[in-house]
Amino acid sequence: MIRMRKAMKWAILLMGMLITNEVAMAAQGEFGPSNPFYAASSLPFQAPPFDKIKDSDYQPAIEAGMAQQIEEVRAIAENPAPPTFENTVVALEKTGQLFVRVMLVFNGVTGANLNPELQKVQDIEAPKLAAHQDAIYLNSKLFARISAVYKERASLHLDAEALRLVEYDYLQFVHAGANLSDADKEELKKLNEEESTLSNAFTTKLLSATKNAAFVTTDKNALAGLSAAQIEGAEQSAKDRKVGGYVIPLQNTTQQPDLGELSVRATRHAIFENSWNRAERGGADDTRETIARLAQLRAQKAKLLGFETYAAWKLEDQMAKNSAAALKFMDALVPGATAKAAAEAKDIQAVIDAQKGGFTVQPWDWEFYSEQVRKARYDLDEAQVKPYFELNNVLKNGVFYAANQLYGITFKERTDIPVYHPDVRAFEVFDADGKPLALWYCDYFKRDNKNGGAWMDVFVNQSKLLGTLPVVFNVANFSKPAPGQPALISFGDVTTMFHEFGHALHGMFANGTYPSLSGTQVARDFVEFPSQFNEHWATYPAVFSNFAKHYKTGEPMPADLAAKLKKAEKFNSGYALTEVVAAAELDMQWHTLPASDGLKNPDEFEKDALEKTHLWITYVPPRYRSSYFSHVWSTGYAAGYYAYLWSEMLDDAAYEWFEHHGGMTRANGDRFRQMVLSRGNTEDLGKMYAAWYGGEPPVEPMLRERGLLPEDGAK
Ligand SMILES: [Zn+2]
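These notes cover the structure that comes with them. (Residues numbered from 1 in each chain as written. Predicted model: local features only at pLDDT ≥ 70, side-chain atom pairs only at ≥ 80, totals over all residues. Heavy atoms only, no water.)

**Concerning the overall build of the protein**
Scanning the protein from terminus to terminus reveals 26 helices and 7 strands. At 26 Å, the protein has a C-alpha radius of gyration in line with the 27 Å of a compact globule built from 715 residues. Each of the three principal axes of the protein carries a C-alpha extent, and together these read 85 × 65 × 55 Å. The buried share of the protein, reckoned over its 715 residues, is 55%. Total accessible area computed for the protein in this model is approximately 30,000 Å², and 52% of it derives from carbon and sulfur atoms. One finds the centroid of the 74 positive side-chain charges in the protein at a distance of 1 Å from the centroid of its 91 negative side-chain charges. (Helix = DSSP H or I, 4+ residues; strand = E, 2+ residues; numbered from the N terminus. Rg over C-alpha atoms; globule rule 2.2 N^0.38 Å. Buried < 20%, exposed > 50% of the residue type's maximum accessible area, 1.4 Å probe, protein only. Areas by Shrake-Rupley, 256 points an atom, 1.4 Å probe, with all protein chains shown as cover. Lys, Arg positive; Asp, Glu negative; His and termini not counted. Charge placed at Lys NZ, Arg CZ, Asp CG, Glu CD.)

Below, the structure written as structure tokens:
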């Protein structure tokens with residue numbers, strides 16, 4: 001899963017920010033040298049001076065930062081001298097330093113430690129940030145200069161990274177429509193507006209549809225199997241909605257969490273039907289017309305921009321490059337995934353038959369019976385394993401240890417570096433030769449004012465041009481222990497720590513000249529590769545045995561418990577992969593329609609798309625149905641849902657490469673760092689991977705890792 005927020009140079013993530021109608025307030029207070037963002041921080045690594053930053057400092061700094069960058073961009077665009085790499089492309093890289101300085105800290109703090117005052121600044125600034133981005137990308141004088149440098153690039157004697165930057169900048173502008181005629185720009189604007197209106201309409205409809213499709217009952221017996229606390233929760237949900245009885249609200253996926261416990265089949269069936277048909281019940285909440293038009297207008301938009309399909313436009317700057325590559329990859333997953341799912345269905349059917357159920361397994365039975373298979377087969381109790389995973393020990397003897405073994409880096413806690421909350425810890429990271437490399441913070445415990453999930457981001461971007469070293473942080477939502485108690489975490493949490501630290505390594509090893517191409521600022525289908533790759537070391541024997549020790553006795557985890565833990569990871573993997581591939585196929589099929597096609601009937605289109613990819617399987621519906629697939633209709637994953645699986649292919653192949661080359665060695669680590677982790681987006685990502693790996697990434701390691709190859713799979 002993507003647990004990372006990208007730190008972008010200009011485009012600040014607006015998703016999730018509330019845009020209010022409130023009239024923009026005048027910046028609070030003056031902006032001058034007394035503002036801690038006024039100049040680069042004098043702390044080590046230019047770390048944010050959290051001991052000096054007040055909530056009221058952000059807004060004036062953001063506004064001054066935008067004004068300053070607009071002025072800097074204007075000076076480049078209006079420069080009377082002929083455009084050169086230095087006076088245009090490099091000059092653009094140097095713009096907005098104040099803006100980036102404050103926004104990276106603002107994003108970090110609002111994500112992890114929000115308060116009403118910061119929320120207010122966020123609401124006021126969100127529309128201004130969007131306009132700020134437009135003001136740069138739609139500046140036609142600026143684009144003309146970038147375009148001129150781009151056309152001359154072959155004769156400019158640029159080094160590879162500089163050449164990549166010229167091509168990257170040019171593509172960013174063209175991708176946004178900078179190359180179109182004025183008439184086509186107007187047309188594009190209209191389509192963009194309609195897309196944004198329809199996306200918003202989809203979100204509103206789906207929100208209401210999901211709410212209205214909740215399961216409601218006055219019969220407590222219908223909820224048999226749920227715990228007393230879950231039933232109490234259902235009663236509370238009913239009260240909140242001012243209805244009698246019990247309410248089970250829907251989650252965004254097709255499958256619903258309570259289906260694993262509900263023993264009354266009719267209840268499971270009803271909840272599933274509500275979920276599956278939530279946005280297809282006619283009336284105001286029905287999303288089908290909206291998505292049909294969205295798919296059509298995206299195809300029209302792509303055509304205007306000179307592409308056959310929307311996917312072709314969307315994927316041109318991704319590692320996969322085109323939809324054919326993504327589709328070929330997904331097709332390769334289907335046989336193994338569906339065969340494993342069929343084997344799992346057989347196991348489940350055996351349980352149903354043994355209990356004299358008298359029916360064939362349906363999607364609404366899957367979770368309920370697979371839970372029983374899981375318990376019978378693994379008998380794994382979380383309470384048994386947690387004492388072996390004490391957070392501090394996992395961090396030092398697991399996460400840091402693995403990084404030290406692979407890359408030679410060492411860590412020293414810095415209690416003198418100011419932090420934004422007492423739970424945050426800061427570490428200085430030293431390279432193998434003892435030189436300072438980066439600053440890394442962790443903020444692991446759950447708080448009410450923190451976003452859910454876990455992520456990595458930066459406070460300072462690495463750049464040789466700007467003379468900055470990386471300042472990186474990881475955030476998570478682990479349960480905080482009572483004072484004086486150890487923080488015992490689940491194996492899932494351990495994996496999360498390795499995952500986010502993988503992103504952190506990608507940021508900390510960054511060694512680029514230009515900030516736009518540095519660190520984790522890579523394509524969506526590549527960004528989860530370093531993080532998922534780092535997860536593998538959590539179960540690497542030499543690492544696992546170094547950290548999985550009882551917090552009281554120091555005894556290593558018993559071998560049979562460790563084996564169960566690792567085996568249980570692959571359980572239900574056929575179902576899990578099939579439902580994701582089905583959703584990814586749906587996404588790609590919707591976005592490879594030609595502009596000449598008429599409006600589609602979503603139900604017919606969906607059935608057809610799944611049938612022709614061999615994914616129309618009664619007991620494994622797609623993780624999201626088209627009519628409630630918000631990733632692709634409203635949150636930016638259109639023609640991009642495959643990226644989750646693509647990154648998995650990259651990381652499983654990479655780990656196998658290590659295994660075949662001696663495993664966890666400094667030589668292997670240093671080579672990977674030099675050729676991949678330090679390179680950011682400074683070269684074509686496909687070529688970067690192939691140069692390191694020795695060819696294209698194969699899909700077999702991923703299938704093997706998921707237990708889906710015939711020799712170890714279908715049983
Ligand atoms: Zn991630």
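**Re the nonpolar core**
One finds F389, Y407, W440, F501 and W537 to be the most contacted residues of the largest nonpolar core, which totals 136 residues. Here this core gets 10 residues from one element, more than from any other, and that element is helix 23 (residues 643–660). Among residues more than four places away in sequence, those in contact with F389 are V394, A487, L488, I489, S490, F491, V494, F544, F547, A548, M557 and L565. (Core = buried A, V, L, I, M, F, W, Y, C linked by side-chain atoms within 4.5 Å. Contact = heavy atoms within 4.5 Å.)

**Focus on the environment of K220**
Its place among the elements puts K220 in the loop between strand 1 (215–217) and helix 8 (228–240). Residues K220 and G245, spaced 25 residues apart in sequence, show a C-alpha to C-alpha distance of 7.7 Å. Excluding its chain neighbours within four sequence positions, the residues that come into contact with K220 are I231 and Y246.

**A few points about the coordination of the zinc ion**
Six octahedral donors around a metal ideally sit at 90 or 180 degrees from one another, while four tetrahedral donors ideally sit at 109.5 degrees. Protein coordination of the zinc ion is provided by H499 (NE2), H503 (NE2) and E528 (OE), with donor distances spanning 2.0 to 2.1 Å. Of note, the zinc ion draws all its donor residues from one chain, in the sequence arrangement H-x3-H-x24-E. On the criterion of sequence distance, the pair formed by H499 in helix 16 (residues 491–508) and E528 in the loop between helix 16 and helix 17 (529–535) is long-range, its members being 29 residues apart. Since its relative accessible area comes to 1%, E528 is described here as buried. (Donors = N, O, S within 2.8 Å, 3.2 Å for Na, K, Ca; no water.)

**Here's the deal with the pattern of salt bridges**
Under the counting rule described, the total for this entry stands at 39 salt bridges. The partner of R153 in a salt bridge is E167, and the shortest N-O contact between them spans 3.1 Å. Of this pair, R153 sits in the loop between helix 5 (140–152) and helix 6 (160–175) while E167 sits in helix 6, and the two are 14 residues apart along the sequence. The partly exposed category is assigned to R153, whose relative accessible area is 24%. Residue class for E167 comes out partly exposed when judged on its relative accessible area of 32%. K189 is the salt-bridge partner of E186, the closest N and O atoms lying 3.6 Å from each other. Of the two residues, E186 and K189 are both situated in helix 7 (residues 182–212); the distance of 3 residues between them amounts to about one turn of the helix. (Salt bridge = Lys/Arg side-chain N within 4 Å of Asp/Glu carboxyl O.)

**Considerations on unusual backbone geometry**
Residues other than glycine seldom take positive phi values, yet K242 does so here, at roughly 60 degrees. Mapped onto the fold, K242 is located in the loop between helix 8 and strand 2 (246–248). Looking at K242, the relative accessible area reads 76%, which means it is exposed. Of note, N572 is a non-glycine position whose phi angle comes to about 65 degrees, a positive value. Note that N572 resides in the loop between helix 19 (559–568) and helix 20 (573–590).

**Observations regarding the packing of helix 15 (residues 391–407) against helix 16**
Between helix 15 and helix 16, whose axes approach to 11 Å, the crossing angle comes to 40 degrees. Judged by the inter-axis angle, helix 15 sits oblique to helix 16. Crossing of helix 15 against helix 16: the hand is right-handed. Of the residues in helix 16, those in contact with L391, V394, L395, G398, V399, F400, A402, A403 and Y407 of helix 15 are V494, M497, F498, F501 and L505. For the contact of helix 15 with helix 16, the class distribution of residues is 13 nonpolar, 1 polar and no charged. (Axes fitted to C-alpha atoms, helices over the stretch in contact; angles between N-to-C directions. Parallel < 35°, antiparallel > 145°, perpendicular 65-115°, else oblique. Left-handed = near helix turned anticlockwise from the far one by under 90°. Nonpolar A, V, L, I, M, F, W, Y, C, P; charged D, E, K, R; others polar.)

**Overview of the packing of aromatic side chains**
Evaluation of the coordinates by the stated rule reveals 63 aromatic pairs. Consider the rings of F50 and Y420, whose centres lie 5.5 Å apart with planes at 65 degrees: the pair is edge-to-face. A residue pair is termed long-range when its members are at least 10 positions apart, and F50 in the segment before helix 1 (55–77) and Y420 in the loop between strand 3 (410–413) and strand 4 (425–430) qualify at 370 residues. Its relative accessible area of 10% is what places F50 among the buried residues. For the pair F658 and W692, a centre-to-centre distance of 6.2 Å together with 40 degrees between the ring planes defines the contact as tilted. In this pair, F658 is assigned in helix 23 and W692 in helix 25 (residues 685–693), connecting sequence segments 34 residues apart. On the accessibility criterion, F658 (0% relative accessible area) is buried. By relative accessible area, which is 0% here, W692 ends up buried. Just above the ring of Y628 sits the side chain of R278; from NZ or CZ to the centre is 4.1 Å. Taking NZ or CZ as reference, R298 lies 5.5 Å from the ring centre of Y310, over its face. (Phe/Tyr/Trp six-rings, centres within 6.5 Å; stacked < 30°, edge-to-face > 60°. Lys NZ or Arg CZ within 6 Å of the ring centre and 35° of its normal.)

**Points about the side chain of D258**
Inspection of the secondary structure puts D258 in the loop between strand 2 and helix 9 (265–276). One buried charged residue, D258, forms no salt bridge at all, with the nearest opposite charge on R241 at 12 Å. Filtering out sequence-adjacent residues up to four positions away, D258 remains in contact with L226, Q230 and I248.

**Thoughts on helix 19**
Each turn of an α-helix holds 3.6 residues, which means side chains three or four residues apart point in the same direction. The set of residues buried in helix 19 consists of L561, A562, L565 and A568. Burial along helix 19 is one-sided: seen end-on, the buried residues are contained in an arc of 135 degrees. Projecting away from the buried face of helix 19 at angles above 90 degrees are the exposed residues A559, D560 and K567. Buried residues along helix 19 sit against helix 13 (363–378), helix 14 (382–385), helix 16 and helix 18 (541–547). (Arc of directions from axis to C-beta.)

**Things to note about helix 4 (residues 116–137)**
Here helix 4 contains 22 residues, and its C-alpha end-to-end distance of 32 Å stays within 8% of the 32 Å for a straight helix at 1.5 Å per residue. Considering bend angle alone, the principal kink of helix 4 is centred on E125 and spans about 40 degrees; proline P127 follows within four residues of it. Here helix 4 has its buried residues at L118, V121, Q122, D123, I124, E125, A126, L129, H132, I136 and Y137. In this structure, the buried side of helix 4 is in contact with helix 1, helix 3 (97–112), helix 5 and helix 6. Where helix 4 starts, the residue carrying a side-chain oxygen 3.0 Å from the main-chain nitrogen of E117 turns out to be N115. (Expected span 1.5 Å × (residues − 1). Bend = angle between axes of the 7 residues up to and from the residue. Polar contact = N/O pair within 3.5 Å; in protein donor to acceptor, adjacent residues only side chain to side chain.)

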